[in-house]
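Residues per chain, in single letters:
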Amino acid sequence: MIVAIASGKGGTGKTTIAVNLALSLKDKMQVALLDCDVEEPNAHLFLLPEFKEKEPVTLPVPAIDQEKCTQCGICTRACAYHALARVGKRVLVFEELCHGCGGCGLLCPAGAITEIHKEIGLVKRGTARGIEFIQGTMNIGTALAPPVIRKVKSRIPKDKLTIIDSPPGTSCPMISAVYGADYCVLVTEPTPFGLSDLKLAVEVVRELGIPFGVVINRADMGDCEVEKYLQEQSIPLLMKIPFDRRYAACYARGGLLVEEFPKLKSSFETLWKAIERRVEV
Ligand SMILES: Nc1ncnc2c1ncn2[C@@H]1O[C@H](COP(=O)(O)OP(=O)(O)OP(=O)(O)O)[C@@H](O)[C@H]1O
Ligand code: SF4
Ligand code: SF4
């Protein structure tokens, strides 16, 4: 089963929940944790995995043979991302804009386009406390998270519960991370921003047809508009976690909540039961 932990808003507690859910379940079943927050992965800071494999992530970007190019303009007109431009008598490639779709190479009538493999990130795989840990990282200066996320997800083991720590927001990186999940846990906080971004995230997972429920983190910090919204929309409330300065201090030290606060472990086990029940339904 694949469970994605996502949220419309950053900093709501996705990593806290993904890491501690994995730790709470690892003695009961085989668990894999995928850190798909590839712009800023941080789950490793808590689990301290030992990485055994590393694989670069590459994107096929075009290289133009200016000798062969007839400047017909077919490729520049075809590229939906404006990654090609005719400047004087040359066709230039703006690699940062290229999505590696391969379209220009297929269309070029002069055979002037070949592909080079540009390194845009790294996927690392290892283990931590009996948990299979897979992490993606984007190279500095690159802009495309989805290919790195897809590469991380290509490593999903078939025989384990896979927990995905998704990037924040509701744009392409989040969609790439949650796509194909059996269940999505949307983490929010009871603030106007939390509610507004939750609504966007709900739209995304509904559009993708992924069953989902909500965890309200720092649940005692704001008003109850989030709960009212969940009731109106018949969205399951899976868990409420109170704000606790000791949790923040534990996090800041790289500590593990379920080890320092054993009561939380049973809360995460209950969260898992709620997810499992809903996926079976
Ligand atoms: N219940 C809580 N009480 C106090 N602090 C909390 C609580 N939950 C999370 N935090 C704090 O909120 C911050 C963000 O948590 P976390 O990194 O898990 O969020 P995130 O959603 O993964 O963030 P990002 O969107 O940047 O990936 C951390 O400093 C963490 O200690
Ligand atoms: S590979 Fe696709 S995105 Fe990249 S330059 Fe060619 S047409 Fe544009
Ligand atoms: S399609 Fe080929 S020949 Fe035409 S401008 Fe592009 S690179 Fe040159």
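Structure: above.
Rules used in this analysis
- Residues numbered from 1 in each chain as written.
- Chains lettered and ligands numbered in written order.
- Predicted model: local features only at pLDDT ≥ 70, side-chain atom pairs only at ≥ 80, totals over all residues.
- Heavy atoms only, no water.
- Near = heavy atom within 4 Å.
- Nonpolar A, V, L, I, M, F, W, Y, C, P; charged D, E, K, R; others polar.
- Pairing = 2+ DSSP bridges.
- Helix = DSSP H or I, 4+ residues; strand = E, 2+ residues; numbered from the N terminus.
- Axes fitted to C-alpha atoms, helices over the stretch in contact; angles between N-to-C directions.
- Contact = heavy atoms within 4.5 Å.
- Polar contact = N/O pair within 3.5 Å; in protein donor to acceptor, adjacent residues only side chain to side chain.
- Areas by Shrake-Rupley, 256 points an atom, 1.4 Å probe, with all protein chains shown as cover.
- Expected span 1.5 Å × (residues − 1).
- Buried < 20%, exposed > 50% of the residue type's maximum accessible area, 1.4 Å probe, protein only.
- Lys, Arg positive; Asp, Glu negative; His and termini not counted.
- Salt bridge = Lys/Arg side-chain N within 4 Å of Asp/Glu carboxyl O.
- Phe/Tyr/Trp six-rings, centres within 6.5 Å; stacked < 30°, edge-to-face > 60°.

**Observations concerning the site of ligand 3**
In the vicinity of ligand 3, the contacting residues are Cys-69, Thr-70, Gln-71, Cys-72, Gly-73, Cys-75, Val-91, Cys-108, Pro-109, Ala-110 and Ile-113. Of the residues in the shell around ligand 3, the class split is 8 nonpolar, 3 polar and no charged.

**A few points about the sheet that holds strand S8 (residues 161-165)**
The strand order across the open sheet built from 9 strands is S3-S6-S7-S2-S8-S1-S9-S10-S11, with neighbouring strands paired in mixed fashion. Of all strands in the sheet, those with a lone pairing partner are strand S3 (50-64) and strand S11 (237-241), marking the two edges. For this sheet, the mean inter-axis angle between neighbouring strands, taken without regard to orientation, is 20°. Across 4 bridges, the pairing between strand S2 (residues 31-35) and strand S7 (residues 131-138) is parallel.

**What about the environment of Gly-180?**
For Gly-180, the location among the structural elements is in the loop between helix H6 (172-178) and strand S9 (183-188). Apart from the residues lying within four places of it in its own chain, the contact partners of Gly-180 are Ile-2 and Ile-210.

**What to know about the site of ligand 1**
Not every one of the 18 residues close to ligand 1 is listed here, only the nearest: Lys-14, Thr-16, Asn-217, Arg-218 and Tyr-251. At 2.8 Å from an oxygen atom of ligand 1 is found a main-chain nitrogen or oxygen belonging to Thr-15. For ligand 1, the protein covers 84% of the area, taking 640 Å² as the surface of the free molecule. A breakdown of the residues in the shell around ligand 1 according to their chemical character gives 7 nonpolar, 7 polar and 4 charged.

**Here we look at helix H1 (residues 14-25)**
Three- or four-residue spacings in an α-helix give side chains the same orientation, since the helix completes a turn every 3.6 residues. The first and last C-alpha atoms of H1 sit 17 Å apart over 12 residues, in line with the 16 Å expected at 1.5 Å per residue. Of all 12 residues in H1, 12 are buried, a share of seventy percent or more. Among all positions in H1, only Lys-14, Thr-15, Thr-16, Ile-17, Ala-18, Val-19, Asn-20, Leu-21, Ala-22, Leu-23, Ser-24 and Leu-25 are buried.

**A few points about the side chain of Lys-118**
Inspection of the secondary structure assignment puts Lys-118 in strand S6 (residues 113-128). Buried charge without a salt bridge: Lys-118, with Glu-95 as the nearest opposite-charge side chain at an N-O distance of 4.0 Å. Every residue in contact with Lys-118, bar those within four places of it in the chain, is listed here: Val-57, Thr-58, Leu-59, Val-61, Glu-95 and Glu-96.

**With respect to the packing of aromatic side chains**
For any pair of aromatic rings, the description consists of the separation of the ring centres together with the inter-plane angle of the planes. Counted under the stated rule, the structure contains 3 aromatic pairs. Judged by centre distance (4.8 Å) and plane angle (55°), the ring pair of Phe-46 and Tyr-251 falls under tilted. A residue pair is termed long-range when its members are at least 10 positions apart, and Phe-46 in helix H2 (residues 44-47) and Tyr-251 in helix H9 (residues 245-252) qualify at 205 residues. Here Phe-46 falls in the buried class, since its relative accessible area comes to 8%. The interplanar angle of 55° and the centroid separation of 5.9 Å between the aromatic rings of Phe-51 and Phe-133 together place this pair among those described as tilted. Note that Phe-51 is positioned in strand S3 and Phe-133 in strand S7, a separation of 82 residues in sequence. Its relative accessible area of 25% is what places Phe-51 among the partly exposed residues. Phe-133 sits in the buried class, given a relative accessible area of 0%.

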